[in-house]
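# Residue-level structure breakdown
What follows is each chain in one-letter form.
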Amino acid sequence: MNKCMTGDTDFRRLAPDDSALEQALGVMRVAFASMEGRIDPPSSLHDLTVDGLSQTAGAAEVWVAGDPVAGTVILTPKARVLYVGKLAVRDPGTGLGRALMALAEERAVALGFEWLELESRVELVEVHAVFKRLGFREIARTTHKGFTRPTGILFRKSVR
């Protein structure tokens, strides 16, 4: 599957050699910029390159919306769940984030998963509220290597 439409939004799955990978990474960086100085440790996005995103596109599903790219999400199959990562939109408040989550749900069902899962940093309380409104529930607190306090919150949502 390379194209998908959810509601009024067209999505495209990027191949490892897609020229839009650079745009997708740019949208992620813009969207995650507000976390700078708010989260500790810093986002793994700092270490992500176009080559790294290309490798991810070979192992997982990298989806984009818009031309030029206005939103992205990475969907990674894991044991029993489809993991939602690097959900990013260039312009918040447009409904594109909600549409990307709807795409994630559709893909989870199509791939035979019962759950969507994602992680958010503990400091991003406004993001947690959005995920809860979308039907996600906190299932665990996680701790990055080298830290003694929880640094992340794991959320899960049933898609069945």
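Here, the structure is the one placed above.
Read on for an overview of the structure. Keep in mind the model is a prediction, meaning the values are calculated, not measured.

So, about the environment of Ala-57. Of note, Ala-57 is situated in helix H2 (residues 50-59). We classify Ala-57 as buried; its relative accessible area is 6%. A sequence separation of 51 residues divides Ala-57 from Ala-108, and the C-alpha atoms of the two residues are 17 Å apart. Residues contacting Ala-57, with those up to four places away along its chain left out, are Leu-14, Ala-15, Pro-16, Leu-21 and Val-62.

By size, the foremost hydrophobic cluster in this structure holds 26 residues, and its most contacted members are Val-84, Leu-116 and Phe-136. Where this core is concerned, the elements lending two or more residues are strand E3 (61-65), strand E4 (71-78), strand E5 (81-89), helix H3 (96-110), strand E6 (115-121) and strand E8 (152-158). A per-element tally of this core places H3 first, with seven residues. Other than its neighbours up to four places away in sequence, Val-84 contacts Val-73, Ile-74, Leu-75, Met-101, Ala-104, Leu-116, Glu-117 and Leu-118. In terms of nonpolar packing, the next biggest core, distinct from the first, is built from 21 residues, Ala-24, Leu-53, Ala-60 and Ala-88 among them.

As a further point, take the pattern of salt bridges. One pass over the full model with this rule turns up nine salt bridges. Here Glu-61 makes a salt bridge to Arg-13, at a shortest N to O gap of 3.6 Å. Of this pair, Glu-61 sits in strand E3 while Arg-13 is found in strand E2 (residues 9-14), placing the two residues 48 residues apart along the sequence. By relative accessible area, which is 25% here, Arg-13 ends up partly exposed. Of the charged contacts, one joins Lys-157 and Glu-105 as a salt bridge, the two residues approaching to 2.5 Å between their closest N and O atoms. Of this pair, Lys-157 sits in strand E8 while Glu-105 sits in helix H3, placing them 52 residues apart in sequence. Residue classification places Glu-105 among the partly exposed residues on the basis of a relative accessible area of 25%.

Definitions and cut-offs
- Residues numbered from 1 in each chain as written.
- Predicted model: local features only at pLDDT ≥ 70, side-chain atom pairs only at ≥ 80, totals over all residues.
- Heavy atoms only, no water.
- Helix = DSSP H or I, 4+ residues; strand = E, 2+ residues; numbered from the N terminus.
- Buried < 20%, exposed > 50% of the residue type's maximum accessible area, 1.4 Å probe, protein only.
- Contact = heavy atoms within 4.5 Å.
- Core = buried A, V, L, I, M, F, W, Y, C linked by side-chain atoms within 4.5 Å.
- Salt bridge = Lys/Arg side-chain N within 4 Å of Asp/Glu carboxyl O.

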